[in-house]
Amino acid sequence: MRVAHLSGRLALVHDGRAIDVEQASGGRFSADTQAVYERWEEFRDWAAQTDLPAGTPFEAAELGSPVPAPRQVFAIGLNYRDHAAESGFTAPEGLPPVFTKFATSVSGPVTEVALPPEGHTDWEVELVVVIGSRAEHVPEADAWDHVAGLAVGQDISERITQLAGPAPQFGLGKSFPGFAPIGPWLVTPDEFDDPDDLELRCSVNGEEVQKGRTRDLIFSVPALINKLSAILPLLPGDVIFTGTPAGVGLGREPQRWLTAGDVLVSAVEGIGELRQTFTA
């Protein structure tokens, strides 16, 4: 199942066409995309059992984030060993570094993003996990049962703000408007042969800058849910950015930053891609 936020309304995507959920369900489910996660199991069962209409064509630019207003956005740092190394850090053990991207930075899959003036803006392709049922003290073996689905994410980062002292400002440096694109839709875990082993790719102006696989995560999706839910509840519709592989601009020699006119394309196997164009 693929769940989309299309022109501000909850939709299902099938064979490249969109089905308006409120209309198809006769009003059983509203057009509010974020609200569906509170009724995720009921919604999933309805979608599986219903003879859905054929749907209508749509453009990617009409899509918004499939989680447009999450209550909590978790982001995981240094979750690939090669990225930890290029960033000059030791790979984490025990508990991953966790920060937040503030919810106002969330945007859809095809956007224009204004570059902060005099900043060093960087890219980080990531697998995004969306929670489908409240998770508290969840064992790793049960973690996937609490996942609504997966999406592509970009943890766009302004490094000057992020690394300003005396203590780093991760949340602020990664939360400028449009700095958390998610999409193009949410894909349920049952669509993947192995949801723990997906390829991630990222390119700038057609040049590949990142490529990795989620099997190389230091803390897998189940491990992240286990460790986060041991400290606080994960709520339906919450988002987890799971970390980025090597290849970010910060870790290059010389370092490289996004500039006006650059086009950033981020993709995850079996899900789709994001496309961000940067403006001054």
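In this report, the structure presented in the accompanying data block is examined.

Reading the values: the criteria
- Residues numbered from 1 in each chain as written.
- Predicted model: local features only at pLDDT ≥ 70, side-chain atom pairs only at ≥ 80, totals over all residues.
- Heavy atoms only, no water.
- Salt bridge = Lys/Arg side-chain N within 4 Å of Asp/Glu carboxyl O.
- Helix = DSSP H or I, 4+ residues; strand = E, 2+ residues; numbered from the N terminus.
- Buried < 20%, exposed > 50% of the residue type's maximum accessible area, 1.4 Å probe, protein only.
- Pairing = 2+ DSSP bridges.
- Core = buried A, V, L, I, M, F, W, Y, C linked by side-chain atoms within 4.5 Å.
- Contact = heavy atoms within 4.5 Å.
- Axes fitted to C-alpha atoms, helices over the stretch in contact; angles between N-to-C directions.

Considering all chains together, one arrives at 19 salt bridges under this definition. As a salt-bridge pair, Asp155 and Lys174 come within 2.7 Å of each other at their nearest N and O atoms. Taken together, the positions of Asp155 in the loop between strand E11 (147-154) and strand E12 (157-158) and Lys174 in the loop between helix H5 (170-173) and strand E13 (180-187) put the pair 19 residues apart, joining distant regions of the chain. Each member of the pair, Asp155 together with Lys174, is buried. Three or more residues joined by partner-sharing salt bridges are found here, namely Lys101, Asp122, Glu124, Asp155, Arg159 and Lys174.

Of all 8 residues in E11, 8 are buried, a share of seventy percent or more. Sheet topology note: the strand E10 (residues 125-131)/E11 ladder contains 7 bridges and is antiparallel. From the neighbouring strand, Val128 faces E11, where its bridge partner is Ala151. The pairing of E11 with E13 spans 3 bridges and is classified as antiparallel. When the bridges of E13 are listed, Val152 appears paired with Gly183.

Turning next to unusual backbone geometry. A cis amide bond links Gly183 with the next residue in sequence, Pro184, at an omega value of -5°. Among the structural elements, Pro184 can be located in strand E13. Of the consecutive residues Glu253 and Pro254, the connecting peptide bond is found in the cis state with omega at 0°. When you line up the elements, Pro254 lands in the loop between strand E16 (239-241) and strand E17 (263-268). Positive phi is not limited to glycine here, since Ser7 has a value of about 50°. Of note, the phi angle at His137 is positive, near 55°, even though the residue is not glycine.

Right, let's talk about the nonpolar core for a bit. Formed by 49 residues in total, the largest nonpolar core has its most connected members in Leu150, Ile225, Leu234, Ile240 and Ile271. It is helix H6 (residues 221-229) that contributes the most residues to this core, 5 residues altogether. Beyond its immediate stretch of four places on either side in the chain, Ile271 contacts Arg2, Leu127, Leu150, Ala151, Val152, Gly183, Pro184, Trp185, Val187 and Phe192. Listed in part, the 27 residues of the second largest apolar core include Val3, Trp40, Val106 and Val130.

Our next topic: the sheet that holds strand E14 (residues 199-204). Taken together, the 5 strands give an open sheet; going across it, the order is E8-E18-E17-E14-E15, and neighbouring strands pair in mixed fashion. Each having just a single partner strand, strand E8 (110-114) and strand E15 (207-213) make up the two edges of the open sheet. With strand direction ignored, the average angle separating the axes of adjacent strands in the sheet is 15°. In terms of strand pairing, E14 meets E17 through 5 bridges, oriented antiparallel. Each bridged residue has a counterpart across the sheet, and for Cys202 the counterpart in E17 is Ser266.

So, to be careful, I would describe these as geometric facts and stop short of saying anything about function.
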